[in-house]
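Residues per chain are reported as follows:
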Amino acid sequence: MSLTFEDRVQLVEERISKACERSGRSREDVQVIAVTKYVSLDTAKTALSRGFRHLGENRWQDAQEKWEAISGEADNGIDEQPIWHFIGSLQSNKVKDVIGKFTYMHSLDRLSLAEAIDKRASQLGIVVPCFIQVNVSGEGTKQGLAPNELKGFVEQLASFKSISPIGLMTMAPYEAEPEQTRPVFKALRELRDVIQSSSAHGKTITHLSMGMSNDFDVAIEEGATWIRLGTILVGKEEE
């Protein structure tokens, strides 16, 4: 029998609470992003109505219909607006579509993208909170800075007044045994700690966006402040 949305929420919440308890953390320290990229507009609305205000998408062409229906200018009957997170790799030529619609960026990984975000945000008169993506695992299929590039990149960001680097993000390899992802999450936490202690600009970098459906328990134990949950929370309806 397939699980209902309420069933999935209950199971996820139990796992989050237990992971926080095991690691001596407060449940309030962990924020959930409901990743809606594989589900319909109706399911995204359901997540929002159940209190999941933070919605994540990784491509504008897939997110556009949902954003326009939920957050567009037309009266949509929704009482509480979502907070949108862009969690995928962003091409510089798509920045104009995303900045101003998505509050948080989770995939800042190169100077050219920073320049494009800063320019667009400056035009709109906003400051964009960004997570710097780090390829901790070193996999060739994953985006992100190499760990040894992080410090220099953070220093370069100091010149961009419309970008606020608030944390680091990484994606661990998919492992049949989630415990095997622990070194990746631990390494990102340690990188954050080093940046905070070595760079004045790094003082704002406090958050860790890490952990997905397969491994979020381990990520929480290693310090995740934002977890990105798709299938395990909202299901999967379409490719």
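Look a little higher up for the structure.
Per chain, residue numbering runs from 1 following the sequence as it is written. For this predicted model, a pLDDT threshold of at least 70 governs which residues receive local features, and a threshold of 80 or more governs which side-chain atom pairs are given and counted, while totals over whole chains, interfaces and linings are taken from all residues. Hydrogens and water are ignored here; the side-chain numbers use all heavy atoms of the structure.

Student: Give me the overall build of the chain: which residues, what numbers.
Tutor: Numbering of helices and strands runs from the N terminus, with a helix taken as a DSSP run of H or I at least four residues long and a strand as a DSSP run of E at least two residues long. Each helix and strand in the chain was counted, giving nine helices and eight strands. Each radius of gyration reported is based on C-alpha atoms, and the globular scaling rule is 2.2 Å times the count of residues to the power 0.38. Expected size for 239 residues packed as a compact globule is a radius of gyration near 18 Å; at 17 Å, the chain falls within 12% of this value. Projected onto its principal axes, the C-alpha coordinates of the chain cover approximately 50 × 45 × 30 Å. Burial status across the chain gives 47% buried among its 239 residues. Working rule for contacts: check all heavy atoms of both residues, and any pair within 4.5 Å makes them a contact. When contacts within the chain are restricted to residue pairs at least 6 apart in sequence, those whose partners lie at least 24 apart make up 63%. A residue counts as positive if it is Lys or Arg and as negative if it is Asp or Glu; His and the chain ends are not included. Working definition for charges: the position is that of NZ of Lys, CZ of Arg, CG of Asp or CD of Glu. Measuring between centres, the 28 positive side-chain charges of the chain sit 4 Å from its 35 negative side-chain charges. Each residue gets one of three labels from its accessible area relative to the maximum for its type: buried under 20%, exposed over 50%, partly exposed in between, using a 1.4 Å probe on protein chains only.

Student: Give a description of the environment of Gly 51 that names residues and reports values.
Tutor: Inspection of the secondary structure assignment puts Gly 51 in the loop between helix H2 (41-49) and strand S2 (54-57). In this structure, the C-alpha to C-alpha distance between Gly 51 and Glu 80, residues 29 residues apart in sequence, is 9.0 Å.

Student: Any details on helix H1 (residues 5-22)? Residues and values, ideally.
Tutor: Multiplying one less than the number of residues by 1.5 Å gives the expected span of a helix. With 18 residues, H1 extends 26 Å from end C-alpha to end C-alpha; this agrees with the ideal 26 Å at 1.5 Å per step. Every buried residue belonging to H1 is among Phe 5, Arg 8, Val 12, Ile 16, Ala 19 and Cys 20, and all of these are buried. Each buried residue of H1 sits inside an arc of 100 degrees when the element is viewed along its axis, so together they form one side. In H1, those exposed residues whose orientation departs by more than 90 degrees from the buried face are Glu 21 and Arg 22. Of the surrounding secondary structure, the elements contacted by the buried residues of H1 are strand S1 (31-35), H2, helix H8 (216-221), strand S8 (226-229) and helix H9 (231-234). Positive phi appears at Gly 24, one or two residues downstream of H1, with a value of about 70 degrees. Directions pointing from the helix axis toward each C-beta atom define the arc.

The analysis is restricted to geometry; functional conclusions fall outside its scope.
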